[in-house]
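Below are the chains, spelled out letter by letter.
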Amino acid sequence: MSAIVPVGVNADPVNRTATRWGRGRRRTSRAASIAAIAIALVWLFPVYWMIISAFKNEVDLETTPPQFFPTRFTLSEFTSAFHDGFLSALWVSILVSLTVVAFSMVLALFASLAVARFRFRGRAFLLVLLLVFQMVPFEALLIPIFIELNKAGLVFTIPALIIAYIAPTLPFTIWTLRGFVAGVPTEIEEAAWTDGCSRTAAFWKVLFPLIAPGLVATSIFAYILAWNEFAYANVLTNNADATLPVWLEAFINPSRPIPWGELMAGSVLFTIPVMVFFLIIQRRLSAGMTAGAVKG
Amino acid sequence: MATVEYQHATCVYPGMASPAVDDLDLRIEDGELMVLVGPSGSGKSTALRMLAGLEVVHSGEITIGGRVVTSAAPKARDIAMVFQSYALYPHLTVAENMAFPLKQKRVPAPERQQRVLEAARLLELEPYLDRRPRQLSGGQRQRVARGRAIVRQPQAFLMDEPLSNLDAKLRVQTRAEIAGLQQRLGVTTIYVTHDQVEAMTLGHRVAVLKDGRLQQCDTPRNLYEHPRNVFVAGFVGSPAMNLDRLPFDGTAACIGDTPIPLPGAAAAAARQAGLSEVVLGLRPDSLTLAAGAVVPNATSPNGTPSLSCRVHLVEDTGSDAWVHLDAAQGPSTLRLVARADARRLPGVGDQVRVSVAVSDAHVFDPGSGERLGD
């Protein structure tokens, strides 16, 4: 015989506890969501402010209190920023970033293969050395690198900047790629050898496609480092070879008022190529991150 | 198809004092299914990998079809290997996986497609040809791995524990499939397993390895009936053979007060060697739980020795039942396993009478572990 339970009353203590627990969990989840949104807004606000300031006219930029939701928009700040050496700086930035990505990926790929697949004397020491080098502050190496490049007669040239960027990029890229290579079971490569491949063919036909997402993920790191870096670019290049961060910094000149509109427009132009690059490869990036995290 | 031969083949891993495979001499006949079996670290997988060209042969030779391949690259050996983890290419479809070795051999596309389809039909993989390995079950992946090996039409198949990742039911089914396929294709096959049941049911001959050394290579029946040494005797057969070191009086070994007369040749060999003790091996099938009243350890009127034992444990597997027994042996007890009629099982703690089929007894030298007699 079933027990009679009054309508609207949950007579089962276990269910009642479960419901209370469920409600508590929902409340915690809602609070966490609100906190996450609040933090995201704090981080997104400068981006929002940069974008709307780039489109404001000079009058609206200076109003007090500031206009958070402008009603009038102009492209004049973009036009003046564009004609103020943007294309030249963009070209240098793209050239430097892509070259750094290409060189560091090739070097890191072979180095990661060596440390992941071959056993040799000093292998563990090499891996520790890579980590130690990674911990040295990038800026602390600026003066020694400048001196070395100066001796080599490369200072104030684009190759100098490329070399300077490749060095700090490699430890991280080797470490990351090593994880991707180690995640591919050696048996798969061995299967390719017994299936008629040489070592080189097995690498290109089997291993390379499997670590491609890892290459994409690590190339993003190298690209962002080269794209955003300011200190080395400022010291190692002359005005003609300025990268975008150096070009942007040139808007701040103590002898004249800061052109906020042009500066913000320049910042938007500086950000767009990275965002486009990221959007193009973000699918592969997420696949790469997952593949690296879960060995399977 | 070809004969495969190891001639004094040795492999030593860097930093290891003893060889992983030590002076292996083994000939696998054309079309034969040879199983390499042994416990972990016995060198069976290393021996297979040496044959595949995945491990360095430090001394000795390996030939396939009369051709010395000791230093040849894996791709030059014309073998196909099925790995324990199947080692399918995750970025390729089933069809592309199977066609991969043919593509490396530059087989024209129409022939490639035809051979893949034939193998897929044989292995019932046709509905899955466009799928990726991650979309397949374990059994299907195993079949793809076999399919990739079959399409090559190699001189020899190499299989490294191909069933160990499957569940028990699928393992039995796949085992039968492999045996059937090998019989049908007639390709020389070298199959590695640690499972002696798999070895006994599949192999035309079975090579038992221990610590990198070949212990015995023979047909499954001969391995079971005439193990060459204590290791093979204990390794082959499930449950394992009862192996006990017993005092020897010149004609019989004694369990408690009961003399177990040894087969004539074995007794003569033990006498000749001047042994006062022997290792007596009795298969569980050689021990029968006798009907009738329990009597002290004695010899029955028909000359069959019988032991009085206490039942320690009963394992009923449905079709078979195994009874673990304690027999008195001086101040201590001797643990024996006997086969019993599953319909009439004794209870734990019961005192039972066990008759010993002495003609099936195996006798070994306790020092060298070698078989005495035949």
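Residues numbered from 1 in each chain as written. Chains lettered and ligands numbered in written order. Predicted model: local features only at pLDDT ≥ 70, side-chain atom pairs only at ≥ 80, totals over all residues.

## Focus: the confidence of the model for chain B
Here is the rule: Confidence of the predictor in every single residue is expressed as pLDDT, which spans 0 to 100.
In the predicted model, chain B carries a mean pLDDT of 91, and the fraction of residues at 70 or more is 96%. With pTM at 0.80, the complex prediction returns an ipTM value of 0.87.

## Quick word on unusual backbone geometry
Formally: Put simply, DSSP H or I for four residues or longer makes a helix, DSSP E for two residues or longer makes a strand, and each gets a number counted from the N terminus.
Cis geometry is adopted by the peptide bond preceding Pro65(A), which originates at Thr64(A) and carries an omega value of -5°. Inspection of the secondary structure puts Pro65(A) in the loop between α2 (58–62) and α3 (76–117). With an omega of -5°, the peptide bond running from Ser238(B) to Pro239(B) counts as cis. With respect to the helices and strands, Pro239(B) occurs in the loop between α8 (230–235) and β11 (242–247). Positive phi outside glycine occurs at Phe156(A), with the angle close to 65°. Checked against the element boundaries, Phe156(A) lands in the loop between α5 (142–151) and α6 (158–183).

## What to know about the interface of chain A and chain B
Applicable threshold: In this description, a residue-residue contact is defined by the distance between C-beta atoms placed from the backbone, which must lie within 7 Å. When residues are sorted by character, Ala, Val, Leu, Ile, Met, Phe, Trp, Tyr, Cys and Pro go into the nonpolar class, Asp, Glu, Lys and Arg into the charged class, and all the rest, Gly among them, into the polar class.
Facing the 14 residues of chain A at the interface are 17 residues of chain B. Listing elements by their share of the side of chain A that touches chain B, those giving two or more residues are α7 (186–194) and α8 (199–228) of chain A. Among the elements that line the side of chain A that touches chain B, the one with the most residues is α7(A), at six residues. Across the side of chain A that touches chain B, the residue classes break down as eight nonpolar, three polar and three charged.

## Let's talk about the sheet that holds strand β7 (residues 156–160) of chain B
All names here are of chain B. To be explicit about the condition: Being paired, for any two strands, means DSSP has found at least two bridges between them. Angles here are taken between N-to-C directions and fall from 0 to 180 degrees, while the axes themselves are lines fitted to C-alpha atoms, restricted in helices to the stretch in contact.
Read from one edge of the open sheet, six strands run β6-β7-β8-β3-β9-β10, paired in mixed fashion. Of all the strands in the sheet, the pair left with one neighbour each is β6 (79–82) and β10 (213–218). The mean inter-strand angle of the sheet, taken between neighbouring strand axes irrespective of direction, is 20°. Sheet topology note: the strand β9 (residues 205–210)/β10 ladder contains five bridges and is antiparallel. Along β10, the bridge assignment pairs Val208 with Gln216.

## Some details on the pairing of strand β3 (residues 33–37) of chain B
All names here are of chain B. Heads up, the rule is: Counts of 20 or more other C-beta atoms within 10 Å of a residue's own C-beta define buried residues, counts of 12 or fewer define exposed ones, and intermediate counts define partly exposed ones; C-beta atoms are placed from the backbone.
Across the five residues of β3, five count as buried, placing the element largely inside the fold. By the alternation rule, side chains of β3 split into Leu33, Val35 and Val37 and Met34 and Leu36, which are all buried. By the bridge criterion, five bridges tie β3 to strand β8 (residues 188–193) in an arrangement that is parallel. Within the sheet, the bridge partner assigned to Leu36 lies in β8 and is Val192. Sheet topology note: the β3/β9 ladder contains four bridges and is parallel. Each residue of the ladder has a partner; that of Leu36, found in β9, is Ala207.

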